[in-house]
Amino acid sequence: MDYNFKEIEENWQKIWDKEGFFRVDSGSSKPKFYLLEMFPYPSGKIHMGHVRNYTIGDVFARYKIMQGFNVMHPMGFDAFGQPAENAAIKNKADPRIWTLKCIEDMRAELKKMGFSYDWKREVSTCLPDYYKWNQWIFLKMFERGLAYKRSANVNWCPDCQTTLANEEVIDGNCWRCKKEVIQKELEQWFLKITDYKQRLLEDLDKLIYWPERVVTMQKNWLGKSEGVEIYFKFKDSAKTISVFTTRVDTIFGATYVVLAPEHPLLKDIIKGKPQEKQVLEFIKQAGKKTKIVRTSADVKKEGIFSGAFAINPVNNEEIPIWVADYVLMEYGSGAIMAVPAHDQRDFLFAKEHKLAIKIVIQEAGKNQKAEDLSQAYEGDGKQVNSAQFDGLSNQEAKIKIAQWMEETSIGKRREHWRLRDWLISRQRFWGTPIPVIYCKKCGIVPVPEDDLPVELPKKAPFTGTGGSPLAKVESFVNVACPNPKCKSPARRETDTMATFFDSSWYFLRYCSPDSKGAIFNKEDADYWMPVDQYIGGIEHAVLHLLYSRFFTKFLNDLGLINFDEPFQKLLTQGMVLKDGEVMSKSRGNIVDPDGMIKEFGADALRLYILFAAPPEDQMEWSQQGVTGADRFLKRVQRFLEKVLLIQEKASELVNAAGSDNEKILKRKTEQTIKKVTEDIEAFKFNTAIASIMELVNEFYRLSEKIENYTFLEKVVRKVILLLSPFAPHIAEEMWERLGNSESILKAKWPGFDPELIKEDSINYVIQINGKVRSKVQVPSDISEEELKKTVLEDDKTKAWIAGKEVKKFIVVAGRLVNIVI
């Protein structure tokens with residue numbers, strides 16, 4: 001009979017909830033395991049990316065529960081952000097109501113998937129009892145000089161009177177009104193993450209269970225490099241431009257200098273020059289481009305001559321100063337030296353604008369001339385045209401030129417970091433209010449801790465124009481100075497925090513989500529943290545994960561926690577594609593999980609999404625795949641019914657063990673337990689499921705030939721136990737059908753007998769000079785000496801090596817013999 005998956009799933013979800021199977025506390029004697037997936041933005045509907053991410057985590061959580069761990073597996077919602085505010089503007093609605101309704105809908109959908117969450121620990125970042133502690137962290141950073149305010153350029157839509165994220169600028173225009181976006185300088189709040197740069201870099205070595213790709217991405221984002229800061233004087237001026245380079249060996253080939261359009265000296269050096277008007281217009285046009293566009297490798301780099309010249313300090317040559325959009329103030333000093341012979345970007349720019357090219361490093365065995373270059377040579381070689389450094393290898397020259405520059409005070413060796421301080425200000429409503437008050441007498445005054453949280457006002461005008469809605473709420477803005485000796489009229493900060501602030505410490509709040517007097521209970525955090533296994537998308541490899549590491553180190557410095565890295569192990573899952581593209585509404589290729597649950601059930605959807613591809617890889621959606629998973633689950637149900645039918649006739653059967661078929665099935669069962677256990681530990685869920693499928697097929701093949709019900713029932717029990725993390729609802733139902741009165745979650749994960757998984761014989765593939773030539777079957781306990789004798793006596797092998805000397809005979813990985821003749 002086919003089970004009614006809808007009734008089964010609803011029934012077991014109610015039982016799990018009622019019995020509190022997934023509620024945990026820190027008082028357990030069991031070893032702890034904290035498993036966490038990145039929490040979602042509450043858009044109102046879960047998508048297949050959510051399903052994949054959370055199913056991966058749920059399998060591992062259930063597996064660890066059955067292994068006897070005290071597993072904390074929480075869920076919450078990253079609930080602040082622009083989409084809610086956009087919905088409020090569009091629908092003239094309250095973003096609170098919209099967000100909380102979305103959370104309610106998503107929570108219901110997540111529960112339909114049967115995920116093992118401790119819902120008593122749920123946090124939503126848009127609630128005052130959470131964002132109060134955002135504000136508390138900000139104040140602690142402010143006290144220590146880590147939160148500060150300065151001016152910075154932002155994407156600004158003059159029509160909507162608001163800032164825009166880079167992603168909201170499309171082809172230079174506002175996504176909402178389609179009008180042109182400009183760069184505008186505004187006073188902004190920053191966090192001084194750069195104070196932690198060295199620790200953030202060094203401690204990457206601790207993260208031995210993180211994907212190497214993520215560690216590399218963080219290293220690149222931190223961007224530590226060693227080089228020389230070189231001082232270029234202006235012609236006819238005492239002023240200098242500082243330029244940082246890691247290629248000081250190319251300094252004699254610098255033929256021009258390039259400044260960022262925002263460089264603070266630029267307007268001074270062009271003043272009164274014939275090019276002044278054109279350069280000012282260029283600065284204006286560059287200001288309309290986003291940083292992403294300006295630095296994109298696919299976009300043509302624009303530039304203009306400033307009319308001014310600099311002096312190359314190593315040879316006193318006059319070189320032109322250009323202005324180009326691809327140079328940003330955020331990187332280095334907002335100025336670069338250009339060496340077109342040895343940097344491809346400089347080469348293309350020089351060719352475009354007919355600038356000088358000078359070779360100073362010759363590739364070994366070549367004598368190239370500048371006019372013959374078709375591209376820059378960026379490799380190693382010998383110094384040429386480099387005065388006293390000619391003839392040195394460029395690597396040796398780097399050291400000697402740097403020493404000489406310091407001795408002559410024309411440069412200084414120093415470190416350079418790509419990392420910049422974190423801009424957290426947003427001119428939005430739906431975010432955490434920054435807890436600062438401005439008083440004309442006292443200046444910037446932090447809100448006293450006793451006055452937290454600074455709550456968002458209940459009502460605000462959402463028009464989409466005219467700047468932040470918060471700034472228009474007089475009852476919010478106008479306050480008294482909190483300084484007890486002042487109390488003068490003052491005004492609140494109307495910027496809110498970037499939502500990455502909210503997600504930089506949420507994993508700690510799960511440890512004690514109801515804590516009122518503290519950000520979290522230290523004893524709870526000491527017990528649960530760090531997170532043992534973190535799971536999320538590769539798109540968060542840098543920002544979220546870097547900010548979380550920063551916050552953890554800061555809270556460690558405060559003495560609140562006794563660790564300084566938040567996540568011990570990290571898994572980054574791949575995206576779900578349909579027709580070769582990422583699922584999205586704009587592409588019209590969304591598959592609704594709710595529809596799949598209604599048609600096939602949560603277990604079939606879970607099983608398919610895990611079986612389709614390894615977690616780290618992209619996964620191509622296939623409706624036929626879900627159908628296949630559904631068929632397999634029905635096949636498992638039928639094989640249970642078959643055993644139950646045998647059980648009714650058990651008295652008529654022979655229960656003596658020992659048949660050859662029984663031994664084969666027993667060995668296969670033990671091998672499958674070993675394989676599934678190892679695969680779950682390695683997050684190889686697709687191969688784990690394949691192994692279970694193979695065991696079920698073997699059961700069908702052999703069960704008719706085995707007349708030992710007791711043995712068959714044991715096999716069925718083990719299959720159901722192995723299947724339970726992947727398809728928990730049907731596993732619970734079948735477990736109960738077998739006469740078990742307690743949930744399968746209280747059953748112990750099956751172990752295996754190492755002796756029983758050994759095979760009587762194994763096959764060895766024989767390679768001769770790297771090509772497969774034969775294979776032999778030998779006893780599993782054969783010695784290497786006997787194996788060599790058997791292989792060399794094999795007819796095909798003898799034919800291939802006839803008359804030739806066997807130089808090497810190597811047994812590789814237990815199943816391969818490699819012969820070299």
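Here the structure is shown first, and the text comes after it.
Residues numbered from 1 in each chain as written. Predicted model: local features only at pLDDT ≥ 70, side-chain atom pairs only at ≥ 80, totals over all residues. Heavy atoms only, no water.

### Side note on the side chain of S468
Convention followed: Here a helix means four or more residues in a row that DSSP labels H or I, a strand means two or more in a row labelled E, and each is numbered from the N terminus. Partly exposed residues are those whose accessible area sits between 20% and 50% of the maximum for their type, while under 20% is buried and over 50% is exposed, using a 1.4 Å probe and protein chains only. Two N or O atoms form a polar contact when they lie within 3.5 Å of each other; inside protein one atom must be a possible hydrogen donor and the other a possible acceptor, and for residues adjacent in sequence the pair counts only when both atoms belong to side chains. The contact criterion used throughout is that any non-hydrogen atoms of two residues lie within 4.5 Å.
Of note, S468 is situated in the loop between β20 (443-446) and α13 (474-477). A residue is classified by how much of its surface remains accessible, and S468, at 7% relative accessible area, is buried. Within the structure, the side chain of S468 is placed 3.1 Å from the backbone nitrogen of L470, a separation counted as a polar contact. Contact partners of S468, with chain neighbours within four places excluded, come to Q427, R428 and T494.

### A few points about the pairing of strand β1 (residues 32-37)
Selection criterion: A clockwise path from the first strand over the helix to the second, with the strands pointing away from the viewer, defines a right-handed crossover. The rule for pairing is simple: two strands pair if DSSP sees at least two bridges between them.
Burial runs high along β1: six of the six residues are buried. Neither face of β1 is open: one carries K32, Y34 and L36, the other F33, L35 and E37, and all of them are buried. In terms of handedness, the path from β1 via helix α2 (residues 48-66) over to strand β2 (residues 70-72) forms a crossover that is right-handed. Relative to strand β24 (residues 531-537), β1 runs parallel, the two sharing three bridges. Residue pairing for β24: L35 is matched across the bridge by Q533.

### Side note on the nonpolar core
Note the threshold: Working definition of a nonpolar core: buried Ala, Val, Leu, Ile, Met, Phe, Trp, Tyr and Cys residues. They are joined through side-chain atoms within 4.5 Å.
Of all hydrophobic cores here, the largest spans 180 residues; its most connected members are Y34, M48, F138, L508, W621 and F726. Setting aside residues no more than four positions away along its own chain, F138 makes contact with A147, W189, I424, I434, P435, V436, M497 and F501. Membership of the second largest hydrophobic core comes to 39 residues, among which are V243, L259, V279 and A335.

### Details of the environment of E185
Topologically, E185 is positioned in strand β7 (residues 182-191). The exposure class assigned to E185 is exposed, which follows from its relative accessible area of 55%. On a C-alpha basis, the gap between E185 and E352 in space is 31 Å, while along the polypeptide they are 167 residues apart. If we skip the residues at most four places from it in the chain, E185 touches S151, A152 and N153.

### Some details on the sheet that holds strand β3 (residues 147-157)
In sheet architecture, strand pairing relies on hydrogen bonds along the backbone and comes in two forms, parallel and antiparallel. Strand order in the open sheet formed by four strands is β4-β3-β7-β17, and the pairing between neighbours is antiparallel. Every other strand in the sheet has two partners, leaving β4 (162-164) and β17 (422-423) as the edge strands with one partner each. Judged from the three bridges that link them, β3 and β4 form a sheet pairing that is antiparallel. Across the sheet, W156 pairs through a bridge with T163, a residue of β4.

### Considering helix α12 (residues 394-407)
Our working rule: A helix's residues, less one, multiplied by 1.5 Å, set its expected span.
With 14 residues, α12 should cover 20 Å at 1.5 Å per step; its first-to-last C-alpha distance of 20 Å lies within 8% of that length. Structurally, α12 contributes buried residues whose contacts are with β8 (225-234), β14 (361-362), β15 (382-383) and β16 (411-416). Phi turns positive, to about 60°, at S409, one or two residues after α12.

### Side note on the packing of aromatic side chains
Rule in force here: Stacked, edge-to-face and tilted labels apply to pairs of Phe, Tyr and Trp rings (six-membered ring for Trp) whose centres lie within 6.5 Å, assigned for plane angles under 30 degrees, over 60, and everything in between, in that order.
What the rule picks out here adds up to 45 aromatic pairs. The interplanar angle of 85° and the centroid separation of 5.6 Å between the aromatic rings of Y117 and W119 together place this pair among those described as edge-to-face. The class for Y117 is buried, based on a relative accessible area of 3%. A residue is classified by how much of its surface remains accessible, and W119, at 17% relative accessible area, is buried. Ring centres 5.2 Å apart and planes at 65° place the aromatic pair Y196 and F550 in the edge-to-face group.

### Structural notes on unusual backbone geometry
That bond from L452 to P453 is cis: its omega, 0°, falls within 30 degrees of zero. Structurally, the position occupied by P453 is in the loop between β20 and α13. Between M529 and the following residue, P530, the backbone shows a cis peptide bond with an omega angle of -5°. Within the fold, P530 resides in the loop between α16 (522-528) and β24. Phi is positive for N316, close to 60°, though the residue is something other than glycine. With a relative accessible area of 60%, N316 lands in the exposed category.

### So, the pattern of salt bridges
Keep this limit in mind: What counts as a salt bridge is simple: a side-chain nitrogen of Lys or Arg found within 4 Å of a carboxyl oxygen of Asp or Glu.
Counted under the stated rule, the structure contains 43 salt bridges. In this structure, E493 and K149 form a salt bridge, with 3.1 Å as the shortest nitrogen-oxygen distance. Of this pair, E493 sits in the loop between β22 (489-492) and β23 (496-497) while K149 sits in strand β3, and the two are 344 residues apart along the sequence. On the accessibility criterion, K149 (26% relative accessible area) is partly exposed. K235 serves as the salt-bridge partner of E318, at 3.3 Å between the closest nitrogen and oxygen. Remark: K235 occurs in the loop between β8 and β9 (240-245) and E318 occurs in strand β12 (residues 318-324); sequence separation between them is 83 residues. By relative accessible area, E318 is classed as partly exposed at 46%. The structure contains a network of salt bridges with shared partners spanning D203, K206, R549, K553, D564 and E565.

All quantities given are derived from atomic positions and should not be read as evidence of function.
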